[in-house]
Each structure stands twice: as structure tokens, then as C-alpha cells.
Amino acid sequence: MVRSEMLERIGNSKDTWDFIIIGGGATGLGTAIEAASRGYRAVLIEQSDFAKGTSSRSTKLIHGGVRYLQQGNITLVLEALKERGTLRQNAPHLVSNLPFVVPNYDWWEGPFYGIGLRVYDMLAGRHGFGHSKGLSKEKTLSYIPTLEPKGLRGGVIYYDGQFDDARLAVNMAETAAEQGATVLNYMKAVELIKTGDVVDGVVAEDMETGETYTLKAKAVINATGVFTDSIRQMDDPEAEAMISPSQGVHIVLDKSFLPGQSAVMVPHTADGRVLFAVPWHDHVIVGTTDTLVEDTPLEPRPLKEELDFLLEHAARYLTKDPAPDDVLSAFAGLRPLVSLSHDENTAAISRDHTVHISRSGLVTITGGKWTTYRKMAEDTIDQAAMLAHLDERPSVTATLNIHGYHNHPEQFGPLAVYGADAPAVQKVCREEPSYGKLLHPALPTRAGEVIWAVRHEMARTVEDVLSRRCRALLLNARAAMAMAPQVAGLMARELGKGSDWQDEQVAAFNELAAGYLVR
């Protein structure tokens, strides 16, 4: 997957594409895979990097959604549980089982959550990840030794999925390319083209060079998540907003706060929110908040009250109480919730996905969740192909392996997230003695991974590497800042850039990373 080759494709193509897909997050990438694997000609453009926004800032869970079950949204849970199983089948190098313990401190919690989680198991059916069961106090503490023992009566254990969101997005971009799609990061849609009253193209600007491209298509698909309404208003300035963005914040702690391989899920905190503490890449992620916001910046920032909530509630349920100085990184993401009315709170706003077709034919797919991206994409291409009068072709993505597919990635140790690519990454790490060295003692990233990211994964900036190709920024912001000069130097050699570019990249990254620190 080489960006210069993708640019050649759009520069040389005079034919009309079947689909132009705007947005390079989970939904857009899934839609590109869906279209290309059916044999349609598709081009995807993303204004920044793949998964720059919401799709790299999740709780790292592939799940049916226990809280949606609580809300009575059985349809969403059923769909998500089925897609959870499909994704584990198609990307086992990135999706794995994770045990969750629900601690019980009140007498009613054991039977109440036990029954609810048995329903969850029943809904999963053959797509289940494991059977839930009740735990004694002693057994609960054996799973979560740092759980607050005072008042603990026992717990319930159930099983869900965990993944690396940005790594999966990169592999999805590679899958789309392998299926024949053209995928481009740093390519911004600046204008929709209409013939008569029908949207049939996009003017796209290369954010690196400023060059513009005029792309024509039989259908244009808006898959831009929280930026959905900005694209819709390019089509119709009077279009009513569909999205009520909600911010979710996570903090990352050292593994000592939650040793072992089990997560904690508190379904109902004192103020009614759900709390997760999840082991991930030898660290612990605590989240998440649910705060309605008005702005949708590319780089959202945690609010003080959100950080206070997470620290306070982590201290309430863990014996080791985290302080602000213990937070290695704090990151925020925006959920593209489909608004039902301006008076509803985020708990009531729909988590289901919506396919909307405007009067001029702009196809918009929004809402949903990471777990259901494939079904969202399938529904979108079904509708878009009908709109474009294309031959009907069945979906094949339910059994399509994602790039990197490998059933036993653990044999590759720290390179397990690369799956089948791991031997090739190891080969790059052996090209020069320095390529095999760690970039920082606190994290497992090696210099050769930077080279791999530039050559094969379309990494264009230091942020691309440290935030999404490896997860250094989310795991340990200070360590990532210390790594930035080395990463810039390695990238410059591959990209043919000079010292000024390196200095600019390091400065930009440090400014960005400072927002991940809790002061």
C-alpha cells in the first residue's frame, strides 16, 4: 500500500468510479472493502490519516454491548454479537477473547447481573466467546487482585472481545487495496460536484501538495462519522443536523493497577454511567465518559470533569488509587450519535446506524459502532449500488479475511499485532543493526517498525507512526515525545525529507502530545 501509486491511479483514471467514499475511519474503510470485494470500482479519500478520529480512540472492545442490553436495544445487541463473532473469525490476529468481571457489592447485584449476562450469552448463541458464571468473593479477587475488597460479595464473569482499533483500520485499508480499491489519506473533499441536481463527484485536495483532483462517480458516499453534517451541508446548506456528538474519555495507567488478564466492568456507577478498566498492550485503560459536545475538532481534548470522574471511580473500585501523576496518557474520542431530538440525552440517542440518501443522491452512513462496521458497510453498498443502477452483487465480506490474518500471532511476541506480516517486519528490523533496537525502554516499538510503517502502511507523519501504526502516544505520551526525534529521523530517510521537515514534525507532535498529559 503505497501512496504515490494510489495518487497515480486517481491522476490517470479518466473513467467514472462506481463509488467515491469520503472518510477513512472504520465505516469508510469497511465500505471500501465491501465495494471492492463485490467488484465495484471504488476510491476512498480521507482528509487526515486513516482512523485519525473516533476509530482510533475507542475502549478497544469488540462487543455486543452489555449497556445496550440494559437499555432494551435487543436488535443492536444481536447484530453486534453476530458481527463480533465474524470479526474474530476474519481478523484473529487483532481480535481476541477477554474475560470481564462485574464486581458485586450489593446483595441484589449477583442475581441481577447474573441473569442479564446469561441472556447476553443466549443472544450470542454460536457466536459466543464463553459462558458467564457467578463467582465467590475469593474467586473474584483471584481474577482481579487489586479490586477493592471492602464490602465485596462476589462477582460475575463474562466474555467479550478486545482489539487494537487503529491497527485494524490500517489492515482494513490494506484489505481494501488488495481487493482493488484506491485508498488515500491526506486527501480532503473540498467540494461536491453536481450535474443538474445530482451529486456525481468530488473535488479533492492533496493536503501534502495542495494539488486538486476532480473525481466523478456513479454514487458518492459520506462516511465521515462526527463530520457527517459538514459533508451533508456541502450538498445542501440547509440540511438539518443528524449528529449529536458525544465525547468519551479514557485514561491509561501502569499495569500494576490491574495485573492479570481480566477486565473490570461496572455497569452502573453512582451517577449511572458504565466504567471499564481494561488490560491492553501491557497497560490499563480506564473509561469511559459520555458528554454531549457541540464542537467536532480533529483532536478533541479531555475535560477536567471527565478526568476527575475517571480518577475518582477508578479509586473507588481499585485498591491502588490513581492520582493525576499516575496517568500515562489521556485521550478523547467523539461518538457520531444519530440525533432523535434536540431534547434527548446521550443515553437516549440512537447507537444504531442510519443510511440516508439526500434528494440529490448523496449517500450518508452514520451512527453505529466499531463492532458493526461490516454490516454498516454491507447495508450502505446495497443502497448505493441500487441508487447508481449497478448490477446487484452479493456481499462476500462475512467470510473475507482481513489483511494480516493469522490464527496464532502470539508466536511473534511484541509483533503479534502484525499477524502474517510479522516475519516481513522482522526482516526489516534486521536490515540494519539500529533497526532492531527499541525506541524507548518503556515501550516495545522498534526502529524497524517505523520503516515498515512508511514503506507499507502509508504513514506520512510522526503522529501517524506514534499514534496509530504503533500506539505509543495512547500508551505513554511522555515516552512518545521522547521517541519523536528518532522517528522523524527514520522517516526522513525513507521519505527523502530534510532537517527542516524533521524539526517541524517533532514540534507538531510535541504540541499534539502535550494534550494527552494530565497536569
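Residues numbered from 1 in each chain as written. Predicted model: local features only at pLDDT ≥ 70, side-chain atom pairs only at ≥ 80, totals over all residues. Heavy atoms only, no water.

Caption draft 1: Just a nonpolar patch on the surface, in detail. Residues Trp107, Trp108 and Phe112 make up a contiguous nonpolar surface patch of about 390 Å² in total accessible area. On the secondary structure map, Trp107 appears in the loop between strand E4 (95-104) and helix H5 (109-124). (Patch = residues over 30% accessible without salt bridge, like charges linked within 9 Å, V, L, I, M, F, W, Y side chains within 5 Å. Areas by Shrake-Rupley, 256 points an atom, 1.4 Å probe, with all protein chains shown as cover. Salt bridge = Lys/Arg side-chain N within 4 Å of Asp/Glu carboxyl O. Helix = DSSP H or I, 4+ residues; strand = E, 2+ residues; numbered from the N terminus.)

Caption draft 2: Examining unusual backbone geometry more closely. Between Gly287 and Thr288 the backbone carries a cis peptide bond, its omega angle lying at 5°. In this fold, Thr288 is placed in the loop between strand E14 (283-287) and strand E15 (291-292). Of note in this structure, Lys60 is not a glycine but carries a positive phi near 70°. Secondary-structure assignment places Lys60 in the loop between strand E2 (42-45) and strand E3 (61-62).

Caption draft 3: Local environment of the packing of aromatic side chains. Within this structure, the stated rule accounts for ten aromatic pairs. Aromatic pair Phe19 and Tyr40: ring centres 5.4 Å apart, planes at 90°, arrangement edge-to-face. One end of the pair, Phe19, is in strand E1 (residues 17-22); the other, Tyr40, is in the loop between helix H2 (26-37) and E2, with 21 residues separating them in the sequence. Grouping residues by exposure puts Phe19 and Tyr40 together as buried. With 5.6 Å between their ring centres and 75° between their planes, Trp108 and Phe112 make a pair best called edge-to-face. Feature note: the residues Phe100, Tyr120, Tyr158 and Phe276 constitute an aromatic cluster, connected by ring pairs. When the ring centre of Trp280 is taken as reference, the NZ or CZ atom of Lys60 above it lies at 5.1 Å. (Phe/Tyr/Trp six-rings, centres within 6.5 Å; stacked < 30°, edge-to-face > 60°. Buried < 20%, exposed > 50% of the residue type's maximum accessible area, 1.4 Å probe, protein only. Lys NZ or Arg CZ within 6 Å of the ring centre and 35° of its normal.)

Caption draft 4: How the structure looks around the packing of helix H12 (residues 447-456) against helix H15 (residues 477-495). Put simply, H12 and H15 touch, their axes get as near as 9 Å, and they point 40° apart. For the element pair H12 / H15, the angle class is oblique. Remark: the crossing between H12 and H15 carries right-handed chirality. Side by side, H12 and H15 meet where Ala447, Val450, Ile451, Val454 and Arg455 of the first sit next to Val487, Leu490, Met491, Glu494 and Leu495 of the second. Among the residues forming the contact of H12 with H15, the class breakdown is eight nonpolar, no polar and two charged. (Axes fitted to C-alpha atoms, helices over the stretch in contact; angles between N-to-C directions. Parallel < 35°, antiparallel > 145°, perpendicular 65-115°, else oblique. Left-handed = near helix turned anticlockwise from the far one by under 90°. Contact = heavy atoms within 4.5 Å. Nonpolar A, V, L, I, M, F, W, Y, C, P; charged D, E, K, R; others polar.)

Caption draft 5: Here's a closer look at the confidence of the model for the chain. When pLDDT is averaged along the chain, the result is 93; 97% of the residues meet or exceed 70. Below pLDDT 50 for its whole length, residues 341-350 participates in 18 contacts with residues either more than four positions away or in separate chains. (pLDDT = per-residue confidence, 0-100.)

Caption draft 6: Quick look at the pairing of strand E6 (residues 154-163). E6 sits mainly inside the fold: nine of its ten residues count as buried. The pairing of E3 with E6 spans two bridges and is antiparallel. Bridged to Ile62 within E6 is Gly161. Here E4 pairs with E6 via ten bridges, running antiparallel. The residue of E6 that forms the bridge with Val101 is Ile157. As paired elements, strand E5 (residues 133-136) and E6 share four bridges and run antiparallel to each other. Residue pairing for E6: Gly134 is matched across the bridge by Val156. (Pairing = 2+ DSSP bridges.)

Caption draft 7: Structural context of helix H8 (residues 228-235). Within H8, the full set of buried residues consists of Thr228, Asp229, Ile231, Arg232 and Asp235. Considered in projection along H8, the buried side chains sweep an arc of 160° and stay on one side of the axis. (Arc of directions from axis to C-beta.)

Caption draft 8: Here's a closer look at helix H7 (residues 165-178). Taking 1.5 Å per residue, 14 residues should reach 20 Å; H7 reaches 20 Å between its end C-alpha atoms and fits that length. The first or second residue beyond H7 is Gly180, which carries a positive phi of 110°. (Expected span 1.5 Å × (residues − 1).)

Caption draft 9: How the structure looks around the environment of Glu504. Mapped onto the secondary structure, Glu504 falls in helix H16 (residues 499-514). Along the chain, Glu504 and Ala488 lie 16 residues apart, while their C-alpha atoms are 9.3 Å from each other.

Caption draft 10: Representation of the pattern of salt bridges. Counted under the stated rule, the structure contains 32 salt bridges. For the salt bridge of Asp165 with Lys60, the shortest nitrogen-to-oxygen distance reads 2.8 Å. Here Lys60 lies in the loop between E2 and E3 and Asp165 lies in helix H7, a separation of 105 residues in the sequence. For Asp165, a relative accessible area of 0% gives the class buried. The exposure class assigned to Lys60 is buried, which follows from its relative accessible area of 0%. Among the ionic pairs, Asp308 bridges to Lys304, the shortest N-O distance being 2.8 Å. Within this pair, Asp308 and its partner Lys304 are both found in helix H9 (residues 304-317), separated by four residues, close to a single helical turn.

Caption draft 11: Looking closely at the side chain of Glu463. Tracing the sequence through the fold places Glu463 in helix H13 (residues 462-469). According to the relative accessible area criterion, Glu463 is buried, its value standing at 17%. A polar atom in the side chain of Glu463 sits 2.7 Å from the side chain of Lys52. Beyond its immediate sequence surroundings of up to four residues, Glu463 is in contact with Lys52, Glu299, Arg468, Phe509 and Leu512. (Polar contact = N/O pair within 3.5 Å; in protein donor to acceptor, adjacent residues only side chain to side chain.)

Caption draft 12: Geometry of the packing of H2 against helix H10 (residues 373-387). Following both chains from N to C, one finds H2 and H10 inclined at 55°, their axes separated by 8 Å at the closest point. By the angle between their directions, the pair H2 and H10 is classed as oblique. As for the relative orientation of H2 and H10, their crossing is right-handed in sense. Residue-level inspection shows Ala26, Thr27, Gly30, Thr31, Glu34 and Ala35 of H2 in contact with H10, the latter providing Tyr373, Arg374, Met376, Ala377, Glu378, Thr380 and Ile381.

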